[in-house]
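# Structure at a glance
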There are 2 protein chains.
Amino acid sequence: MGEEQLFPPSPEDTHTQLMKATYEALCEHGYSELTIQRIGDEFPKSKSLIYQHYDGKDDLLVAFLEFLLEQFEADVPTDGFADAREHMFSIIDHALPESLDSGHEEFLGAVEALRGQAPHNETYREQFRKLNDFYRTHTADVIRAGIDQGVFRDVDPERTAGYVVTTIHGARSLRVTVDSHEPIREARTELETYVREELVASDAEKLN
Amino acid sequence: MGEEQLFPPSPEDTHTQLMKATYEALCEHGYSELTIQRIGDEFPKSKSLIYQHYDGKDDLLVAFLEFLLEQFEADVPTDGFADAREHMFSIIDHALPESLDSGHEEFLGAVEALRGQAPHNETYREQFRKLNDFYRTHTADVIRAGIDQGVFRDVDPERTAGYVVTTIHGARSLRVTVDSHEPIREARTELETYVREELVASDAEKLN
């Protein structure tokens, strides 16, 4: 997900404009160099509107994380898959693409910069917990559907989903903090193998 | 790894004292609230020594990451294991313990706070790349030894090590940014299964 997926080119409502300005300033300056002033520079309306509604940059960035979660919840594809197996491969492909365009890389870097605030700030932790719970629940639902369809083995949906989501997070976090696409490539290959070998029921199991 | 493993209780040399002061101030204040002044408050010698040697807090924090890597390189156990299988389980156990004491949790939070600087700062990325390369190389060496011993299958040591290291990173990062021990518990269980089922050679393979 990059800027084009998150925002229309010229949003009209003030909240979306402010979220877009926050995102652009965060991508450009990172967390530590970010100021309300710099967010205001990207905002097409009066800066005083920002100060009226937000107590400071952290308040605005937490609202930005809430906005992200709403976008994910609205955009997640829930149908159009032949079966749960195809759905799982699509999740892996979407989260761990063969290559990243610069917009997607900027997005991952911006989220990682905010994540660095979480260990020492409960409000950030709460937002990241909600994001992680969303990924986990969505993935567990797909696994549960696959078990019901007889496509997947009778695994623990929550534990399996947790493991997949954790590995995806690790690869995406390393992608933008160690300057290498290898973690994403390796995790993609290994998770695809994991789905095929550990999750997909064999023909013999399907007949039972 | 926590404060007791990283530092002697009362270090005598100035560099170790300064690294300990940096670590304590980082644990207490997080990255964004950290100042040289606050590091100086934990430092038993004159604050002017800090300003003489470091250009600012980022300069000092990058030196702290270099110090961490040196500690890891000095402390990593390389022998005393019956075979590579036991060594791999020890790596997983060490990186993903059943529970974390508060010192270990503080340590993971401090590293994660610094990692948040990496997407927008090349000097931080370089340090995190070196740390990640160290974990990967060490794990790949253990896997290669296991293949030589006939204990492990003939897998790609680098790719397998990369996957293990990435999953471990994901679980530790989530531990301190979403306030849950579940990611560590799940990754531990699944990686142990992965070693037993994907890595360890079956008796039949050993006889070939």
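Residues numbered from 1 in each chain as written. Chains lettered and ligands numbered in written order. Predicted model: local features only at pLDDT ≥ 70, side-chain atom pairs only at ≥ 80, totals over all residues. Heavy atoms only, no water.

### Re unusual backbone geometry
Residue and element names in this part refer to chain A. Unusually for a residue other than glycine, aspartate 179 sits at a positive phi of about 60°. Take aspartate 179: it is sitting in the loop between α9 (157–177) and α10 (182–199). Owing to a relative accessible area of 36%, aspartate 179 belongs among the partly exposed residues under this scheme. (Helix = DSSP H or I, 4+ residues; strand = E, 2+ residues; numbered from the N terminus. Buried < 20%, exposed > 50% of the residue type's maximum accessible area, 1.4 Å probe, protein only.)

### A word on helix α9 (residues 157–177) of chain B
Residues and elements named next belong to chain B. The end-to-end C-alpha distance of α9, which contains 21 residues, comes to 30 Å, matching closely the 30 Å that a straight helix rising 1.5 Å per residue would cover. Where α9 begins, the capping side chain belongs to aspartate 156, and its oxygen is found 3.1 Å from the backbone nitrogen of glutamate 158. The positive-phi residue at the C-terminal boundary of α9 is aspartate 179, with phi of around 60°. (Expected span 1.5 Å × (residues − 1). Polar contact = N/O pair within 3.5 Å; in protein donor to acceptor, adjacent residues only side chain to side chain.)

### Overview of the relation of the copies chain B and chain A
Mapping chain B onto chain A calls for a screw motion: a turn of 180° about the axis and a shift of 0.0 Å along it, with 0.0 Å RMSD after fitting. Such a turn and shift between the copies fits a two-fold axis. Across chain B, the rotation axis passes nearest the C-alpha of glycine 170 of chain B, at a separation of 1.8 Å. By residue overlap, the copies meet face to face through one surface: 100% of the interface positions of chain B are interface positions in chain A. (Least-squares fit on C-alpha atoms with pLDDT ≥ 70 in both. Contact = heavy atoms within 4.5 Å.)

### A few points about the side chain of threonine 16 of chain A
Residues and elements named next belong to chain A. Relative to the assigned elements, threonine 16 resides in helix α2 (residues 14–29). Taking relative accessible area as the criterion, threonine 16 reaches 14% and is therefore assigned buried. Setting aside anything within four residues of it in sequence, one finds threonine 16 in contact with Phe7, Pro8 and Pro11.

### Details of the domain arrangement of chain A
Residue and element names in this part refer to chain A. The assigned domain composition of chain A is domain 1 (1–75) and domain 2 (79–208). One C-alpha centre belongs to domain 1, the other to domain 2, and the line joining them spans 26 Å. Across the boundary between the two partners, domain 1 contributes 17 residues, which contact 17 residues of domain 2. Buried area between domain 1 and domain 2, summed over both chains or domains, comes out near 1,700 Å², and the portion from carbon and sulfur atoms is 75%. Across the domain 1-domain 2 interface, the total number found is zero salt bridges. Where domain 1 touches domain 2, the interface holds four residue pairs in polar contact (both at pLDDT 80 or more). Among the elements of the structure, α2 and α5 (57–75) are those that each provide at least two residues to the side of domain 1 that touches domain 2. (Domains from an automatic or database assignment. Buried area = accessible area lost by both parts, 1.4 Å probe. Salt bridge = Lys/Arg side-chain N within 4 Å of Asp/Glu carboxyl O.)

### Quick look at the packing of aromatic side chains
With the rule as written, the count across this model stands at 16 aromatic pairs over all chains. Centre to centre, the rings of tyrosine 163 of chain B and tyrosine 194 of chain B are 5.2 Å apart; their planes meet at 55°, and the pair counts as tilted. Note that tyrosine 163 of chain B is positioned in helix α9 and tyrosine 194 of chain B in helix α10 (residues 182–199), a separation of 31 residues in sequence. Residue tyrosine 163 of chain B shares its accessibility class with tyrosine 194 of chain B, and that shared class is buried. One aromatic cluster is present, built from ring pairs that chain together Phe7, Tyr23, Phe64, Phe67, Phe72, Phe107, Phe134 and Tyr135 of chain A. A cation over an aromatic ring shows up here: lysine 57 of chain A above the ring of tyrosine 31 of chain A, its NZ or CZ 4.0 Å from the ring centre. (Phe/Tyr/Trp six-rings, centres within 6.5 Å; stacked < 30°, edge-to-face > 60°. Lys NZ or Arg CZ within 6 Å of the ring centre and 35° of its normal.)

### With respect to the UniProt feature "DNA-binding region" (unreviewed entry) in chain A
In the numbering used here, UniProt assigns the feature "DNA-binding region" (unreviewed entry) to residues 35–54 of chain A. Regarding residues 35–54 of chain A, the helix share stands at 70% and the strand share at 0%, and the terminal C-alpha atoms are separated by 12 Å. (UniProt positions renumbered as here; feature names shortened; annotations may be inferred.)

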